[in-house]
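Each chain, written out:
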Number of protein chains: 2
Amino acid sequence: MPRGRPRGFDREAALRQAMEVFWLRGFDNASLSELTNAMGLRPPSLYAAFGSKEALFKEAVELYVRTQGDGIWNEVPEAASAREGIARMLRATACAYTRGAEPRGCMIVLSAPQMQGTSPEVSEELRRRRAENVAVLERRLDRAVAEGEIPPETDCRSVASYFATVQHGMSIQARDGASREELLAIADCAMAGWDRLAGRTSETGAGQGEETRST
Amino acid sequence: MPRGRPRGFDREAALRQAMEVFWLRGFDNASLSELTNAMGLRPPSLYAAFGSKEALFKEAVELYVRTQGDGIWNEVPEAASAREGIARMLRATACAYTRGAEPRGCMIVLSAPQMQGTSPEVSEELRRRRAENVAVLERRLDRAVAEGEIPPETDCRSVASYFATVQHGMSIQARDGASREELLAIADCAMAGWDRLAGRTSETGAGQGEETRST
DNA sequence: CCTTATATGTAACGAACACTACAGAAATAA
DNA sequence: TTATTTCTGTAGTGTTCGTTACATATAAGG
C-alpha cells in the first residue's frame, strides 16, 4: 500500500529501545549517537520516522505511560476503596522500580527533574503528567468521600500530594539502589498514617487487613 | 604575602554564584559559559581557582550543605525527641524549598538524579550524601529506642528510609511549583503515621502537640 | 519501461561543549 | 632595576552535540 521504499526497521521496537535509553539517562544526557546505536539505525532514518529528538522523546514517554505506568496507576480508580487503591499503587511502584535490570525509578520523574534542560517543552510535558497523577489520586479520594469511605473533612488535595510525593521519592531511592523489600517497607510506612489522614468510618474494616509491615 | 599577581575576584562570592547555577540547572545542564557569566570571570580564572567543572561542583555542594542543608538537618540530632527532630526537619525542608526566588528543591537530589550523567564521580558523591542523610535519621531513631522514646521493635531503617523518601519527593514537588503551604501540608501528612510507625510509649505526650494539619 | 515516492548510508553542517596555550599584566623578592 | 610568580584576557584546541544535503536504493503507479 505505501508508495516508496519500505522502512527497513521495526518502528515500535526502535521506539522501545529509545524509551530505555531516555529512561536510563534522561532527556538531555541521552545523545543522538547513543539513541541511534540502541535503536539500530542511522540519524536520517530516525528523523524521517520520528521528526526530532524531542518528538521521539514524547513518543517514548507515551509508550512508557502505556506499558509501564498503567500497571501502577490503573489500580487507583479501579480498586474497591481509595485506601486499597493507593496501597496497591505504592506496592506496584515498589515492584516496578526493582524489576530486573538497570532502569529503575520513574521515567516521568527522572527524565528532566531540574525543569531547566534544553527543552522547556519536555520539562512542561513531564510536569503535566506528574500533575495528572496527583489529580488521579485526588479524584479517587473525592470519590471515597462521596461514597462515605472517608470523612468529608478530609483534605483530599493534601493527602493526594502526600502520596504522590512518596511515590516520587521512591524513584530517587530506586536509583540509589534500594531493594524491592526496602521500597515495599517504605510503601507500608507511607500507608501507616491512613487512619489519621482520612479518618476512620470502618465501612471497609479499615483497622485490619494486611497492610502491617512485615520485613 | 602571596607571591604573584593577586586574584581579581572574590573566590567565595564566585563559588556562591556557581552553586546557584548548579542548583538551578543541575551538573550536566550547567555549561561553562553559563558558570563563568554568573561568576563574573573568564574560563582560565575558573580553572586556576577551582581546577575543573567537576571540582567546582564538589566545592559548590560543600557550600550548599554548609549554608543550606545545615538548617534542615541540624534539627534531627539536636531536637529533644526523634519525633520532634524529624517533624522539624520536614517543616524546615518545606520552608527552605520555597524560600524566595527560583532555585527550589534540594541540590543534592536534583543535580544529577539519573545517576548516569557525564561524571560518575558526581553521581556517586551525591548518592553518598543522600545515604548519609538517611543514616542521620536512622541514628536518631536508634537513639530514640535507646532512650525509650519509641519501642525496641521499631524498624528504624525502614522508618528512616521512609522519611528520607518523603523529603526527596518534596524536591520534585517544589520544582513543579508547590507552595510553602502545600509542602507543609505534605510534611504533616508524613508525620501522621508516627504512632503507628514508632509505637507510642507516651513519655513525650505523643498524642497531642501541634502536628495536626490545619490548612 | 519511466515516473514518483519514500528510506537509507555517507558525510558533513554550524553550534556548543569542556578545556587550555600563550602572551601580557600585576604583584613580591632580590 | 631585574627576576620570579601568579593571575587575566584573547583566542583558540579538539570533541561532541542535534540535525541535514545529497546521492543511492527500493518500492508502487502509470
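Residues numbered from 1 in each chain as written. Chains lettered and ligands numbered in written order. Predicted model: local features only at pLDDT ≥ 70, side-chain atom pairs only at ≥ 80, totals over all residues. Heavy atoms only, no water.

Asker: Describe the overall build of chain A, and please don't skip the residues or the numbers.
Answerer: Scanning chain A for helices and strands turns up eleven helices and zero strands. What you see in chain A, going N to C, is helices and strands ordered as α-α-α-α-α-α-α-α-α-α-α. Seen along its three principal axes, the alpha-carbon backbone of chain A occupies a region of about 65 × 35 × 35 Å. Within chain A, buried positions represent 53% of all 215 residues. In chain A, once contacts between residues fewer than 6 apart in sequence are set aside, the share between residues at least 24 apart is 69%. On chain A, roughly 9500 Å² of surface is accessible, and the fraction owed to carbon and sulfur atoms is 48%. Looking at chain A, you have 28 positive and 31 negative side-chain charges, and the mean spots of the two groups are 6 Å apart. (Helix = DSSP H or I, 4+ residues; strand = E, 2+ residues; numbered from the N terminus. Buried < 20%, exposed > 50% of the residue type's maximum accessible area, 1.4 Å probe, protein only. Contact = heavy atoms within 4.5 Å. Areas by Shrake-Rupley, 256 points an atom, 1.4 Å probe, with all protein chains shown as cover. Lys, Arg positive; Asp, Glu negative; His and termini not counted. Charge placed at Lys NZ, Arg CZ, Asp CG, Glu CD.)

Asker: Any chance you could break down the packing of aromatic side chains for me, citing the residues and the numbers?
Answerer: The tally for this structure, following the rule as stated, stands at twelve aromatic pairs over all chains. A ring pair is formed by Phe22 of chain A and Phe57 of chain A, whose centres lie 5.0 Å apart and whose planes are at 85 degrees; its orientation type is edge-to-face. One end of the pair, Phe22 of chain A, is in helix α1 (residues 11-25); the other, Phe57 of chain A, is in helix α4 (residues 53-73), and 35 residues separate them in sequence. When the centroid spacing of 4.7 Å and the interplanar angle of 55 degrees are considered together, the rings of Tyr162 of chain B and Phe163 of chain B count as tilted. By relative accessible area, Phe163 of chain B is classed as buried at 0%. Here the aromatic cluster, defined as three or more aromatic residues joined through ring pairs, consists of Phe22, Phe27 and Phe57 of chain A. Above the face of the Phe27 of chain A ring, Lys53 of chain A is positioned so that its terminal group lies 4.6 Å from the ring centre. (Phe/Tyr/Trp six-rings, centres within 6.5 Å; stacked < 30°, edge-to-face > 60°. Lys NZ or Arg CZ within 6 Å of the ring centre and 35° of its normal.)

Asker: Could you give me a rundown of the pattern of salt bridges, with the residues and numbers involved?
Answerer: Where charged atoms of side chains with opposite charge meet at close range, the side chains can pair. Enumeration over the complete set of coordinates arrives at 30 salt bridges over all chains. Its salt-bridge partner being Arg88 of chain A, residue Glu75 of chain A comes within 4.0 Å of it at the nearest N-O pair. Of this pair, Glu75 of chain A sits in helix α5 (residues 75-78) while Arg88 of chain A is found in helix α6 (residues 82-96), placing the two residues 13 residues apart along the sequence. Residue Glu75 of chain A is classed as partly exposed on the basis of its relative accessible area of 25%. We classify Arg88 of chain A as partly exposed; its relative accessible area is 38%. Taking the shortest distance from any N to any O, the salt bridge between Lys58 of chain B and Glu121 of chain B comes out at 3.1 Å. Within this pair, whereas Lys58 of chain B is found in helix α4 (residues 53-73), its partner Glu121 of chain B is found in helix α8 (residues 120-146), the two being separated by 63 residues in sequence. (Salt bridge = Lys/Arg side-chain N within 4 Å of Asp/Glu carboxyl O.)

Asker: Can you lay out the packing of α8 of chain B against helix α9 (residues 156-175) of chain B for me, pointing to particular residues and giving the numbers?
Answerer: Residue and element names in this part refer to chain B. Contact pair α8 / α9: the axes reach a minimum separation of 8 Å and the direction vectors enclose 135 degrees. As the angle between them shows, α8 and α9 are arranged oblique. Judged by the twist between their axes, the crossing of α8 over α9 is right-handed. Between α8 and α9, the residues in contact are Arg130, Val134, Leu137, Glu138, Leu141, Asp142 and Val145 and Cys156, Arg157, Val159, Ala160, Ser161, Phe163, Ala164 and His168, respectively. (Axes fitted to C-alpha atoms, helices over the stretch in contact; angles between N-to-C directions. Parallel < 35°, antiparallel > 145°, perpendicular 65-115°, else oblique. Left-handed = near helix turned anticlockwise from the far one by under 90°.)

Asker: Got a sec to walk through the interface of chain A and chain B? Specific residues and values, please.
Answerer: Counting residues at the interface gives 46 residues for chain A and 46 residues for chain B. On the chain A side of the interface with chain B, the three residues burying the most area are Gln114, Gln116 and Arg196 of chain A, jointly 16% of the side's total. Counting every contact that joins chain A to chain B gives six salt bridges. With its nearest N and O atoms 2.6 Å apart, the salt bridge here joins Arg157 of chain B to Glu182 of chain A. At the boundary of chain A and chain B, one finds 15 residue pairs in polar contact (both at pLDDT 80 or more). Breaking the side of chain A that touches chain B down by element, the ones donating at least two residues are α1, α7 (107-110), α8 (120-146), α9 (156-175), α10 (180-191) and α11 (194-197) of chain A. Here the element with the most residues in the side of chain A that touches chain B is α9 of chain A; it accounts for 14 residues. In the side of chain A that touches chain B, the residues fall into 18 nonpolar, 14 polar and 14 charged. (Buried area = accessible area lost by both parts, 1.4 Å probe. Polar contact = N/O pair within 3.5 Å; in protein donor to acceptor, adjacent residues only side chain to side chain. Nonpolar A, V, L, I, M, F, W, Y, C, P; charged D, E, K, R; others polar.)

Asker: Any details on the protein's contact with DNA strand C? Residues and values, ideally.
Answerer: Near DNA strand C lie 23 residues; those nearest to it are Arg5 and Gly8 of chain A together with Arg3, Leu32 and Tyr47 of chain B. Each atom of DNA strand C within 4 Å of the protein was classed as base or backbone; sugar and phosphate made up 69%. Within the contact set of DNA strand C, a phosphate oxygen lies 2.6 Å away from a backbone nitrogen or oxygen of Leu32 of chain B. Between a phosphate oxygen of DNA strand C and a side-chain N or O atom of Ser33 of chain B, the distance comes to 3.5 Å. Within the residue set of the surface near DNA strand C, elements represented by two or more residues are α3 (43-50) of chain A together with α2 (32-39) and α3 (43-50) of chain B. Take the surface near DNA strand C: its biggest share by element is three residues, from α3 of chain B. (Near = heavy atom within 4 Å.)

Asker: Tell me what's going on with unusual backbone geometry, and back it up with residues and numbers.
Answerer: All names here are of chain A. The residue Met115 is not glycine, and still its phi comes out positive at about 60 degrees. Tracing the backbone shows Met115 in the loop between α7 and α8. For Met115, a relative accessible area of 19% puts it in the buried group.

Asker: Account for the relation of the copies chain A and chain B, with residues named and values stated.
Answerer: In this arrangement, two copies of a chain are superimposed by a rotation about an axis accompanied by a shift along the axis. Taken as rigid bodies, chain A and chain B are interconverted by a rotation of 180 degrees and an axial shift of 0.0 Å, the fit giving an RMSD of 0.0 Å. Look at the turn and shift together and you get a two-fold axis relating the two. Mapped onto chain B, 100% of the interface residues of chain A are again interface residues, and the two copies thus contact each other with one and the same surface. (Least-squares fit on C-alpha atoms with pLDDT ≥ 70 in both.)

Asker: Let's hear about the state of the cysteines: which residues, and what values?
Answerer: Per the counting criterion, the structure on display carries zero disulfides over all chains. With no disulfide partner, Cys106 of chain A has as its closest neighbouring cysteine sulfur the one in Cys95 of chain A, 15 Å distant. Here Cys156 of chain A is not disulfide-linked; the sulfur of Cys189 of chain B is the nearest cysteine sulfur, at 11 Å. For Cys156 of chain A, a relative accessible area of 7% gives the class buried. (Disulfide = S-S within 2.5 Å.)

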